Amino acid sequence: MMATSTVKFQAPSETSYDRNTELKAFDDTKSGVKGLVDAGVTKIPPIFINHKHAQPHQKPYTQLGDFSGTKQGTIPVIDLDGVHRDATKRREIIGEVLEACEKWGFFQIVNHGIPACVLDEMIDGIRRFHEQDTEEKKKWYTRDVKRKVMFASNFLLYTSPAADWRDTISCSMAPNPPDRDELPEICSDIMIDYSKQVMRLGDTVFELISEALGLNPNHLKDMDCAKQLYLFGHYYPACPEPELTLGGRSHSDGNFLTILLQDQIGGLQVHHENQWVDVPPMRGALVVNIGDLLQLVSNDKVKSVYHRVLARDVGPRISVASFFLPFWRGNSSRVYGPIKELISEESPQIYHETSIKDYQSHYTSKGHDGVSSLLHLKL
Ligand code: OGA
Ligand code: NI
């Protein structure tokens, strides 16, 4: 299956080199994109060239600190202060969450209860992991999904049309957290601490979205939407030819919800009203975005939108994505479909139900091809 999808994506003009061999050689270095940068490359290898994105006269990306809004507006920022103790404030917040989920699929939250020092240390921990001694780091490099901690460059390396300019360490942190000594020591404490705090915050966000949809506050949690937490620690090295590739190509997330922590470098953009809009870094804030599965169960009331990360000539950029996923290792035959309470005569059911197993194998095998993972589920 892997071979056919690779052939499908091969650019016709590039028969002179064997993309698969190049991918394999890169993968075998186990040093990722950071390894290329450390070796001093001044041109990016062809496997990273994003033909769809690369434009010779592309406008350079906004300068650091110049994250002014566009005419499309800016990503909503929602202040969660008082959400647990002030009923009036909570109602206001729920209104803002509803509008953000319907219009943008993305919002930032402040006063969310996770101290800024924990956020800083989480970013630092991921930096330490990626910047440690290469030989030590290589021990974690794997594509074996049975390994608890996976470090790799591009989890979809062999099935994507172009590789992304980034490396990632990932681990499932709930409901069965790894033992401390199963994690890289250099960041184990903060991974465990941050995960606990982000799980608590995830509960709150799922309550708010449930209420925004007019459901009982526990509705989404009771469907196990907040049960599994998968952490991705991304490292985007500075890129010598940023206009030819992307840090993360355009995709929508195939989960219920993502809570994203980003550092001050910037580069994340959201597709909104046919334009790419920056998600400006805000110290202490977290970015929340709706995933495809939440769009599915909400019967399109909330939107999962495309987003991407630009490659930059400055860096590294570090981000930590907390994915809330169905706990499919427990019961992969479990099915999800539009919530009955959200279906009515005015709002008829849009999607088939799907088992998590089928959904996930579809999402993975299609790669990030720019087509929504929900399309094939439309009734
Ligand atoms: C992701 C993602 C954005 C970022 O991990 O799905 O979109 O800023 N990350 O790293
Ligand atoms: Ni994403």
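Everything below is about the structure printed above this text.
Residues numbered from 1 in each chain as written. Chains lettered and ligands numbered in written order. Predicted model: local features only at pLDDT ≥ 70, side-chain atom pairs only at ≥ 80, totals over all residues. Heavy atoms only, no water.

It is worth spelling out the environment of Gly-35 at this point. With respect to the helices and strands, the residue Gly-35 is situated in helix H3 (residues 32–38). The exposure class of Gly-35 is partly exposed, given its relative accessible area of 25%. For the pair Gly-35 and Pro-237, spaced 202 residues apart in the sequence, the C-alpha separation amounts to 9.6 Å. (Helix = DSSP H or I, 4+ residues; strand = E, 2+ residues; numbered from the N terminus. Buried < 20%, exposed > 50% of the residue type's maximum accessible area, 1.4 Å probe, protein only.)

Bringing the coordination of the nickel ion (ligand 2) into the picture now. The protein atoms that coordinate the nickel ion (ligand 2) are His-251 (NE2), Asp-253 (OD) and His-307 (NE2), at distances spanning 2.1 Å. Here the donor residues of the nickel ion (ligand 2) are spaced in sequence according to H-x1-D-x53-H. A residue pair is termed long-range when its members are at least 10 positions apart, and Asp-253 in the loop between strand E6 (246–251) and strand E7 (257–262) and His-307 in strand E11 (residues 307–310) qualify at 54 residues. For Asp-253, a relative accessible area of 3% puts it in the buried group. The class of His-307 is buried, set by a relative accessible area of 5%. (Donors = N, O, S within 2.8 Å, 3.2 Å for Na, K, Ca; no water.)

Under the definition given, this model contains 19 salt bridges. Notably, a salt bridge pairs Lys-43 with Glu-241, separated by 3.5 Å at the nearest N-O pair. You can see Lys-43 sitting in the loop between H3 and strand E1 (77–79) and its partner Glu-241 sitting in the loop between strand E5 (228–236) and E6, a full 198 residues away along the chain. We note a salt bridge from Glu-207 to Arg-90, for which the minimum N-O separation is 3.1 Å. Taken together, the positions of Glu-207 in helix H7 (residues 188–212) and Arg-90 in helix H4 (residues 87–103) put the pair 117 residues apart, joining distant regions of the chain. Across the pair, Arg-90 and Glu-207 agree in class, each one buried. Bridged by salt links that share partners, the residues Arg-90, Glu-207, Glu-211 and Lys-221 form one connected network. (Salt bridge = Lys/Arg side-chain N within 4 Å of Asp/Glu carboxyl O.)

The next point concerns the nonpolar core. Among the nonpolar cores identified, the biggest contains 73 residues, and Tyr-194, Ile-209, Leu-257 and Leu-294 are the most heavily contacted of them. The element best represented in this core is H7, accounting for 12 residues. Apart from residues no more than four positions distant in its own chain, Leu-257 is found in contact with Val-205, Phe-206, Ile-209, Val-288, Asn-289, Ile-290, Gly-291, Leu-294, Ser-322, Phe-323 and Phe-324. Within the second largest apolar cluster, 18 residues are counted, among which are Ile-75, Leu-260, Val-279 and Val-287. (Core = buried A, V, L, I, M, F, W, Y, C linked by side-chain atoms within 4.5 Å. Contact = heavy atoms within 4.5 Å.)

We now examine the site of ligand 1. The local shell around ligand 1 consists of His-234, Tyr-236, His-251, Asp-253, Leu-260, Leu-268, His-307, Val-309, Arg-317, Ser-319, Ala-321 and Phe-323. Between an oxygen atom of ligand 1 and a side-chain N or O atom of His-234, the distance comes to 2.8 Å. In this structure, Ser-319 approaches ligand 1 through a side-chain N or O atom, which is 2.6 Å from an oxygen atom. Protein coverage of the free-state accessible area of ligand 1, which is 290 Å², stands at 95%. Counting residues per element, the ones that place at least two in the shell around ligand 1 are E5, E11 and strand E12 (317–325). It is E12 that contributes the most residues to the shell around ligand 1, 4 residues altogether. Looking at side-chain class alone, the shell around ligand 1 contains 6 nonpolar, 4 polar and 2 charged residues. (Near = heavy atom within 4 Å. Polar contact = N/O pair within 3.5 Å; in protein donor to acceptor, adjacent residues only side chain to side chain. Areas by Shrake-Rupley, 256 points an atom, 1.4 Å probe, with all protein chains shown as cover. Nonpolar A, V, L, I, M, F, W, Y, C, P; charged D, E, K, R; others polar.)

What follows is about the pairing of E6. A large share of E6 lies buried, amounting to 5 of its 6 residues. One ladder, built from 3 bridges, connects E6 with E11; its direction is antiparallel. Paired with Gly-248 across the strands is Val-309, a residue of E11. (Pairing = 2+ DSSP bridges.)

The N-to-C vectors of H4 and H7 enclose an angle of 80°; their axes lie 9 Å apart at closest approach. By the criterion of interaxial angle, the relationship of H4 to H7 is roughly perpendicular. Together, Arg-90, Ile-93, Ile-94, Val-97, Leu-98 and Cys-101 of H4 and Glu-207, Leu-208, Ile-209, Glu-211 and Ala-212 of H7 make up the contact between the two elements. For the contact of H4 with H7, a count of residues per class yields 8 nonpolar, no polar and 3 charged. (Axes fitted to C-alpha atoms, helices over the stretch in contact; angles between N-to-C directions. Parallel < 35°, antiparallel > 145°, perpendicular 65-115°, else oblique.)

If you walk across this open sheet you meet the 8 strands as E1-E2-E10-E7-E12-E5-E4-E3, and the pairing is mixed. Looking at which strands have only one partner, the edges of the open sheet turn out to be E1 and strand E3 (149–152). The mean inter-strand angle of the sheet, taken between neighbouring strand axes irrespective of direction, is 25°. The pairing of strand E2 (residues 106–110) with strand E10 (residues 286–290) spans 4 bridges and is antiparallel. Residue pairing in the sheet places Ile-109 in a bridge with Leu-286 of E10. Contacts between H4 and the sheet are confined to E1, E2 and E10, with E1 contributing the most and set at about 165° to the helix. Contacts between H7 and the sheet are confined to E2, strand E4 (167–174), E5, E7, E10 and E12, with E7 contributing the most and set at about 130° to the helix.

Moving on: unusual backbone geometry. Here the bond from Ala-174 into Pro-175 is cis, since omega is 10°, no more than 30 degrees from zero. Following the sequence through the fold, Pro-175 ends up in the loop between E4 and H7. Following Gly-315, the chain continues to Pro-316 via a peptide bond in cis, the omega torsion being 5°. Assignment of secondary structure puts Pro-316 in the loop between E11 and E12. Its identity as a non-glycine residue notwithstanding, Asn-274 has a phi of 70°, on the positive side. Structurally, the position occupied by Asn-274 is in the loop between strand E8 (268–272) and strand E9 (275–278).

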